[in-house]
Amino acid sequence: MNDRSQAPSLAQLRHHADRLKQVHLRDLLTDVSRHALLQVQAGPIHADFSRQKIDAPALTALEAWAEACGFQPSRHGLATGAMLNFTEGRAAVHPALRGRFGPPDVQASARFERTRMAALVERLRSGELRGFDGSPLRALVCLGIGGSDLGPRLVADALAPDGGYPVRFVANADPRELERALHGLAPQSTAFAITSKTFTTRETLANAAEARAWLREAGCPPEACADHFIGITAVPEAARAWGIRHEQLLQFDAGVGGRYSVWSTVGLGVATACGMPVFGELLEGAAGMDAHFFEQPLTHNLPAVLGLMSVWNRSLLGHASQAVVPYAERLALLPAWLQQLVMESNGKTARASGIDAGRTGLLTAPVVWGACGTTAQHSFFQQLHQGPQAVPVEFLLVRSNGGLTAHNDERQRIVLANALAQAAALALGRPPLAQTTGHQDFPGDRPSTLILLQDLSARSIGALLAAYEHATFTAAAVLGINPFDQFGVELGKQLALQIEESLQPGRVQAHVGPASGAAGASAGNPALDLATQASLKRLA
Ligand code: F6P
């Protein structure tokens, strides 16, 4: 089925959406069989979709529509390494990094590189790798941005033991982030991992250059700088040209998208902070979720239903954004990671050729945002409860958080009780109190999903992240989007290079014309608009 507007069940689906907009969640939640239907389990993760504005007939129609849109062949394509990234002419091979799916040759090369990474991790953690004066390298600073940062940073933050091998992450070109990361570290005993799939990313290479300058200022001879750097990339020749030595150069396949890369050698920071066995368990958790996603029928398929619910909320019910609120500090960085995963993958309007380019009116990709509960309750939850538009929320709860359960720790009881309370309050609301003027009304009818993790082990976190990857893939598959390119980031990058040129010392006046009037544009850099030129003048 190519044209989603012609999918036999789309009209039906729209009818269900219109029907359910009129039904309050309070009423939907009284139906016991509906509740049972909307529970899905996958390994250590349980998802309760019963607070979504959906019922059995609508769910059946949604699944039929997904099938008509080619969910099965798309999923098979991901499992077998088909050329799904059709705009860049390559497969999306991240499942091959963690188990038995994806192209066998990529599985083999990933195993090979993982063995090399394990050796490097061992040499770092044991103190065998030495800095320029012979000191053991006792800390690792990871330089990377976007997908080369968010996944490893999240997983290390979630799993690294306190007091273990110090690993810090730096993404921003704002000098403050590197400055803060280097504080308290000694140059002679600090290693850097430059992680960049392309090895061209401006921010990362600028930070790497600054790191090298920091070592040089501390007396590192030019020829010894390479001792301190590890390179992780899909373009090894670029890393070599930068000065990375063969034995400290780790590769991953070009078919692994940055935001899907934590499972590859990009996970070096995780493995260094947590140890290789923990990294292995992370991969096993993801592999378990792969088996579930690729083998379970749609109805019992947790990532697929999660993805379809987001399409239901965005494309059928019209909710423009989606909040994710983990009730666990260890998952504090999940919203930032998920934001890139969903918005860089599916924040597109172009469809596969032959697919109606948006004329169906099916809007794609919600804005994804969020923060940790219960803290977030004291900031944006006011709007979730009483704002003019409903925002679907994904609540994440952990049954056993570092051994603490609702039964044996007061604070864990507070956390869990609050998550359950918020989900209930959003759904049920509260009937208007007598003699109030609306200020204390809770309309309710605000959808949410409750995702319950058994624990915060590496396996569970691997399963969770893989589930979100597959949910994002499912949404893309039914909407006809290629989730594996990101052309939308290019224009801004190109302009930034031009503007950076104009910001060089002494160049601003040469590149900038008068701040106002049409003549300004022609007298200055013709490619830059008047507003940019005026800003450049103010920055000079
Ligand atoms: O700017 C977006 C992006 O291309 C992401 O897709 C990617 O994760 C990030 O930049 C970093 O890219 P690289 O790993 O090539 O440095």
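Residues numbered from 1 in each chain as written. Predicted model: local features only at pLDDT ≥ 70, side-chain atom pairs only at ≥ 80, totals over all residues. Heavy atoms only, no water.

Colleague: Describe the sheet that holds strand 8 (residues 321-326), naming the residues involved and giving the relevant values.
Modeller: Within the open sheet, the six strands sit side by side as 1-2-11-10-8-9. Their pairing is mixed. Unpaired on one side and paired on the other, strand 1 (39-42) and strand 9 (367-370) mark the two borders of the sheet. Strand after strand, the sheet turns through a mean of 20° between neighbouring axes, direction not considered. With seven bridges joining them, strand 10 (residues 393-400) and strand 11 (residues 448-455) adopt parallel strand pairing. The residue of strand 11 that forms the bridge with Leu 397 is Leu 452. Strands in contact with helix 16 (residues 410-428) are strand 10 and strand 11; relative to strand 10, the strand with the most contacts, it is inclined by about 150°. (Pairing = 2+ DSSP bridges. Helix = DSSP H or I, 4+ residues; strand = E, 2+ residues; numbered from the N terminus. Axes fitted to C-alpha atoms, helices over the stretch in contact; angles between N-to-C directions. Contact = heavy atoms within 4.5 Å.)

Colleague: So what about the sheet that holds strand 3 (residues 139-143)? Which residues, and what values?
Modeller: The five strands are arranged 4-3-5-6-7 in an open sheet whose pairing can be described as parallel. Whereas interior strands pair on both sides, the edge strands pair on one side only; in this sheet they are strand 4 (167-170) and strand 7 (249-251). Within this sheet the neighbouring strands show an average axis-to-axis angle of 20°, counted without direction. Here four bridges tie strand 5 (residues 190-195) to strand 6 (residues 229-233), and the two strands are oriented parallel to one another. Opposite Ala 193, over in strand 6, you have Ile 230 as the bridge partner. Those strands touched by helix 8 (residues 175-182) are strand 3, strand 4 and strand 5, and its axis lies near 170° from that of strand 4.

Colleague: Mind laying out the layout of surface pockets, listing which residues take part and the relevant values?
Modeller: Its volume calculated, the largest pocket comes out at about 770 Å³. Looking at the lining of the largest pocket, the elements with two or more residues in it are helix 9 (202-217), helix 14 (334-346) and helix 18 (490-502). For the lining of the largest pocket, the leading source of residues is helix 18, giving six residues. Class assignment for the residues of the lining of the largest pocket results in five nonpolar, 14 polar and ten charged. Roughly 440 Å³ of volume is contained in the second largest pocket. (1 Å grid on protein atoms, 1.4 Å probe; cavity = no way out; pocket = protein on both sides within 12 Å on 5 of 7 lines; lining within 4 Å. Points joined across faces, edges and corners; volume = space filled by probe spheres on them. Nonpolar A, V, L, I, M, F, W, Y, C, P; charged D, E, K, R; others polar.)

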